[in-house]
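Chains, contacts and geometry: an overview
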Amino acid sequence: MLGNNGSCLKYLQDLFTAIKSFYHPSNTGKFQQDLITFLSKLAQAFVDRIHLLVVLKNKKKQANEN
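To keep things clear, this report deals only with the structure shown in the data block. (Residues numbered from 1 in each chain as written. Predicted model: local features only at pLDDT ≥ 70, side-chain atom pairs only at ≥ 80, totals over all residues. Heavy atoms only, no water.)

Details of the overall build of the chain
- Helix and strand counts for the chain stand at 2 helices and 0 strands.
- Scaling as 2.2 N^0.38, a compact globule of 66 residues should have a C-alpha radius of gyration of about 11 Å, whereas the chain reaches 17 Å, well beyond that.
- The C-alpha extent of the chain, read off along each of the three principal axes, is 60 × 25 × 10 Å.
- Burial statistics for the chain: of 66 residues in total, 5% are counted as buried.
- Carbon and sulfur atoms make up 59% of the accessible area of the chain, which amounts to about 5,800 Å² in all. (Helix = DSSP H or I, 4+ residues; strand = E, 2+ residues; numbered from the N terminus. Rg over C-alpha atoms; globule rule 2.2 N^0.38 Å. Buried < 20%, exposed > 50% of the residue type's maximum accessible area, 1.4 Å probe, protein only. Areas by Shrake-Rupley, 256 points an atom, 1.4 Å probe, with all protein chains shown as cover.)

A word on the packing of helix 1 (residues 8-19) against helix 2 (residues 31-65)
- Taken N-terminus to C-terminus, the directions of helix 1 and helix 2 make an angle of 165°; their axes are 13 Å apart at the nearest point. Viewed along their axes, helix 1 and helix 2 adopt a mutual orientation that is roughly antiparallel. Between helix 1 and helix 2 lies a crossing whose hand is left-handed. Facing Cys8, Leu9, Leu12, Leu15, Phe16 and Ile19 of helix 1, the residues of helix 2 in contact are Leu35, Phe38, Leu39, Leu42 and Phe46.
- Its residues assigned to classes, the contact of helix 1 with helix 2 shows 11 nonpolar, no polar and no charged. (Axes fitted to C-alpha atoms, helices over the stretch in contact; angles between N-to-C directions. Parallel < 35°, antiparallel > 145°, perpendicular 65-115°, else oblique. Left-handed = near helix turned anticlockwise from the far one by under 90°. Contact = heavy atoms within 4.5 Å. Nonpolar A, V, L, I, M, F, W, Y, C, P; charged D, E, K, R; others polar.)

Considering a nonpolar patch on the surface
- Taken together, the side chains of Phe22, Tyr23 and Ile36 define a hydrophobic patch exposed on the protein surface, amounting to about 260 Å² of accessible area.
- Tracing the backbone through its elements, the reader meets Ile36 in helix 2.
- We classify Ile36 as partly exposed; its relative accessible area is 42%. (Patch = residues over 30% accessible without salt bridge, like charges linked within 9 Å, V, L, I, M, F, W, Y side chains within 5 Å. Salt bridge = Lys/Arg side-chain N within 4 Å of Asp/Glu carboxyl O.)

A look at the pattern of salt bridges
- This structure, assessed with the given rule, holds 1 salt bridge.
- The salt bridge involving Lys10 is made with Asp14; its shortest N-O contact spans 2.9 Å. Within this pair, Lys10 and its partner Asp14 are both found in helix 1, separated by 4 residues, close to a single helical turn.
- By relative accessible area, Lys10 is classed as partly exposed at 46%.

A short note on the environment of Lys60
- Structurally, the position occupied by Lys60 is in helix 2.
- In this structure, the C-alpha to C-alpha distance between Lys60 and Gln13, residues 47 residues apart in sequence, is 31 Å.

This is a description of form; function is not addressed.
In structure tokens form, the structure reads like this:
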């Protein structure tokens, strides 16, 4: 997911670049709450996925040591 050749970070960077203009102070509207909610959920999903990968990697490592 996040290795040297992982495309996940590239897509994430492209997404942030695409929505950056919506956070300019001159752009206000109802859409801002939707973007905030989306980005909050995206960040949480990203953290959850990284945590899961770390936990699984540690379990696999422990299993191999035994």
